[in-house]
Amino acid sequence: ELDPLPPLTPDFLRVLNRVCEQCYSDFAPDDLENGVRELILQDLESFVRRQFAGARLQLFGSSKNGFGFRQSDLDICMVLEGKETMDDFDCINIIKGLARQLKKHPGLKNILPITTAKVPIVKFYHIRTGLEGDISLYNTLALHNTRLLASYAAIDRRVKILCYIMKVFAKMCDIGDASRGSLSSYAYTLMVLFFLQQRNPPVIPVLQEIYDGKTKPEVLVDGWNVYFFDDLKTLPRHWPQYGKNTETVGELWLGLLRFYTEDFDFREHVVCIRQHARLTTFNKQWTSKYIVIEDPFDLNHNLGAGLSRRSMINFYVTFFVNCTLLSQFFCFFFMFLHFCHQ
Ligand code: CTP
Ligand code: MG
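Residues numbered from 1 in each chain as written. Chains lettered and ligands numbered in written order. Predicted model: local features only at pLDDT ≥ 70, side-chain atom pairs only at ≥ 80, totals over all residues. Heavy atoms only, no water.

> Break down the coordination of the magnesium ion (ligand 2) for me, with residues and values.
The coordination sphere of the magnesium ion (ligand 2), as far as protein atoms go, consists of Asp 73 (OD) and Asp 75 (OD), spread over 2.1 to 2.2 Å. Looking at Asp 75, the relative accessible area reads 13%, which means it is buried. (Donors = N, O, S within 2.8 Å, 3.2 Å for Na, K, Ca; no water. Buried < 20%, exposed > 50% of the residue type's maximum accessible area, 1.4 Å probe, protein only.)

Following this line, the structure appears as structure tokens:
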């Protein structure tokens, strides 16, 4: 049995809540910064078109899903007009050609094609803004999961704030860099959404389970059903629990930490945001080394699979130490963060 948390006085909760809200307003980009991202995209598109006529570039990831920081990278997906799909061989060749082309762009540096990854990309650095970015090809499912995340972010502002805190927390504790064997930002976001769906009463619904009529509509992309309910204006009519949860962001954050340290069984449970019923690692036939996080559309994709042993130890230590023993620590941690940022 775990010791109960130290008493959470109203004062403590009030400060915690303020710091959580502050964390969001400190890190969120404003309209101007979002506009700059669009301008960079347009400039790149017209530049790339000189070599690849019919190229179309589109932003996705945190520039579009509502959980972006000022310094978040630019995730860009490129497609060629009139071409539905592309095989791996062509993909790699185009990535190489794209890298050669981008090297001629005076506003960019550090061009690096990465053709061995699951999704081949060209990385670049945009000199004037200091933003990093990468361009991938035909990353269609990512465009859809970006839209899904954006819809969750739009339902309730607490969703946005909590996802921010989680990302800041992961980055500050150095457990948020997928290229170094940790979980990706995307995986942490899914963990927050899952918690908010499982909360009682829930803060957000399972959008993939809401539909009119008897059967779930089917919208196939790369062989997966990417349907979800996106008519948010009518959500209150379709989801009876709308607005029932009135907890503050601070309460929810502590709830999240307790959820992943006390309720969630890392060996048996799956972080799965596409259905409300609990899914187990046994159902999925996925042997989990550490944590299993199912992609909402690509059901064969376990986002926890790339986790290294070292990262997982960091992850556990960070969560358990901070959550169960020193919940007060968080208050100071975020205040510290806040003051550092000023
Ligand atoms: N993505 C994915 N599967 C993964 C990793 C990423 O589909 N295993 C997609 C998601 O759409 C994600 C996007 O790629 O939003 C960008 O990933 P990443 O840059 O890691 O996360 P962001 O959400 O953009 O967060 P950050 O602010 O840290 O860049
Ligand atoms: Mg990103």
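> Lay out the site of ligand 1 in plain terms, naming residues and giving numbers.
Around ligand 1 sit 16 residues in total, of which Ser 62, Ser 72, Asp 73, Asn 145 and Ser 185 are the nearest. Contact distances for ligand 1 include 2.7 Å between an oxygen atom and a side-chain N or O atom of Asp 73. In the model, an oxygen atom of ligand 1 is placed 3.5 Å from a nitrogen or oxygen of the Ala 142 main chain. Contributions of two or more residues to the shell around ligand 1 are made by α4 (140-155), α5 (157-172) and α6 (185-198). For the shell around ligand 1, the element with the most residues is α4, which contributes 3 residues. Here the shell around ligand 1 is built from residues that sort into 4 nonpolar, 8 polar and 4 charged. Looking at which domains feed residues into the shell around ligand 1, each of domain 1 (10-27 + 145-341) and domain 2 (31-142) supplies at least three. (Near = heavy atom within 4 Å. Polar contact = N/O pair within 3.5 Å; in protein donor to acceptor, adjacent residues only side chain to side chain. Helix = DSSP H or I, 4+ residues; strand = E, 2+ residues; numbered from the N terminus. Nonpolar A, V, L, I, M, F, W, Y, C, P; charged D, E, K, R; others polar. Domains from an automatic or database assignment.)

> Outline the pattern of salt bridges, listing residues and values.
If you walk through the whole model with that rule in mind, you get 13 salt bridges. In this structure, Glu 262 engages Arg 258 in a salt bridge whose closest nitrogen and oxygen atoms are separated by 3.0 Å. Taken together, the residues span about one helical turn, with Glu 262 and Arg 258 both in helix α8 (residues 249-263) at a distance of 4 residues. Exposure remark for Glu 262: the relative accessible area of 33% places this residue in the partly exposed category. Classification of Arg 258 as partly exposed rests on a relative accessible area of 31%. Here Glu 294 makes a salt bridge to Lys 284, at a shortest N to O gap of 2.6 Å. One end of the pair, Glu 294, is in the loop between β9 (292-293) and α10 (309-325); the other, Lys 284, is in helix α9 (residues 281-284), and 10 residues separate them in sequence. (Salt bridge = Lys/Arg side-chain N within 4 Å of Asp/Glu carboxyl O.)

> I'd like to hear about the pairing of strand β3 (residues 108-114), residue by residue, with values.
A regular strand places its side chains so that they alternate between the two faces of the sheet. Looking at chain direction, β3 and strand β4 (residues 121-126) are connected through 5 bridges and run antiparallel. Residue pairing for β4: Ile 114 is matched across the bridge by Ile 121. Counting the residues that bridge the hairpin from β3 to β4 gives 6 residues. (Pairing = 2+ DSSP bridges.)

> Tell me about the domain arrangement of the protein, residues and numbers included.
In many reports, interface size means the accessible area that the parts give up when they come together. The domain boundaries assigned to the protein delineate domain 1 (10-27 + 145-341) and domain 2 (31-142). Taking the mean C-alpha position of each, domain 1 and domain 2 sit 27 Å from one another. Counting from both sides, the interface comprises 24 residues of domain 1 and, opposite them, 14 residues of domain 2. When domain 1 packs against domain 2, close to 1500 Å² is buried across both sides, 61% of that on carbon and sulfur atoms. Among the residues domain 1 hides against domain 2, the three largest losses belong to Thr 146, Tyr 164 and Lys 167. Together they make up 33% of the total. Where domain 1 packs against domain 2, one counts 0 salt bridges. Across the contact surface, domain 1 and domain 2 share 8 residue pairs in polar contact (both at pLDDT 80 or more). Every element with two or more residues in the side of domain 1 that touches domain 2 is listed here: α1 (10-27), α4 and α5. Grouping the constituent residues of the side of domain 1 that touches domain 2 by class yields 12 nonpolar, 6 polar and 6 charged. (Contact = heavy atoms within 4.5 Å. Buried area = accessible area lost by both parts, 1.4 Å probe.)

> Give a description of the nonpolar core that names residues and reports values.
Within soluble globular proteins, side chains that are nonpolar tend to cluster in buried spots. Ranked by size, the top nonpolar core spans 69 residues in total, and within it Leu 183, Met 191, Leu 196, Trp 253, Tyr 260 and Ile 293 carry the most contacts. Those elements that provide at least two residues to this core are α1, α4, α5, α6, α8 and α10. Residue assignment places this core across two domains, with domain 1 (10-27 + 145-341) and domain 2 (31-142) each supplying three or more. Membership of the second largest hydrophobic core comes to 33 residues, among which are Leu 59, Ile 76, Leu 98 and Leu 102. (Core = buried A, V, L, I, M, F, W, Y, C linked by side-chain atoms within 4.5 Å.)

> Hey, could you go over the packing of aromatic side chains for me, with residue numbers and the actual values?
How two aromatic rings sit relative to each other is set out by the distance from centre to centre and by the angle between their planes. Here the structure, examined in full by the defined rule, presents 12 aromatic pairs. Three or more aromatic residues link up through ring pairs in this structure, and these residues are Phe 194, Phe 195, Phe 259, Tyr 260, Phe 264 and Phe 266. Stacked on the ring of Phe 69, the Lys or Arg Lys 167 has its end atom at 5.1 Å from the ring centre. A cation over a ring is seen here: Lys 284 above Trp 286, with NZ or CZ 4.5 Å from the ring centre. (Phe/Tyr/Trp six-rings, centres within 6.5 Å; stacked < 30°, edge-to-face > 60°. Lys NZ or Arg CZ within 6 Å of the ring centre and 35° of its normal.)

> Mind laying out the pairing of strand β2 (residues 74-80), listing which residues take part and the relevant values?
Counting buried positions over the 7 residues of β2 gives 7, a clear majority of the element. In the sheet, strand β1 (residues 55-60) pairs with β2 via 6 bridges, with the strands oriented antiparallel. Each residue of the ladder has a partner; that of Phe 60, found in β2, is Asp 75. The pairing of β2 with strand β5 (residues 131-137) spans 5 bridges and is classified as parallel. Looking at β5, one finds that Asp 75 is bridged to Asp 134.

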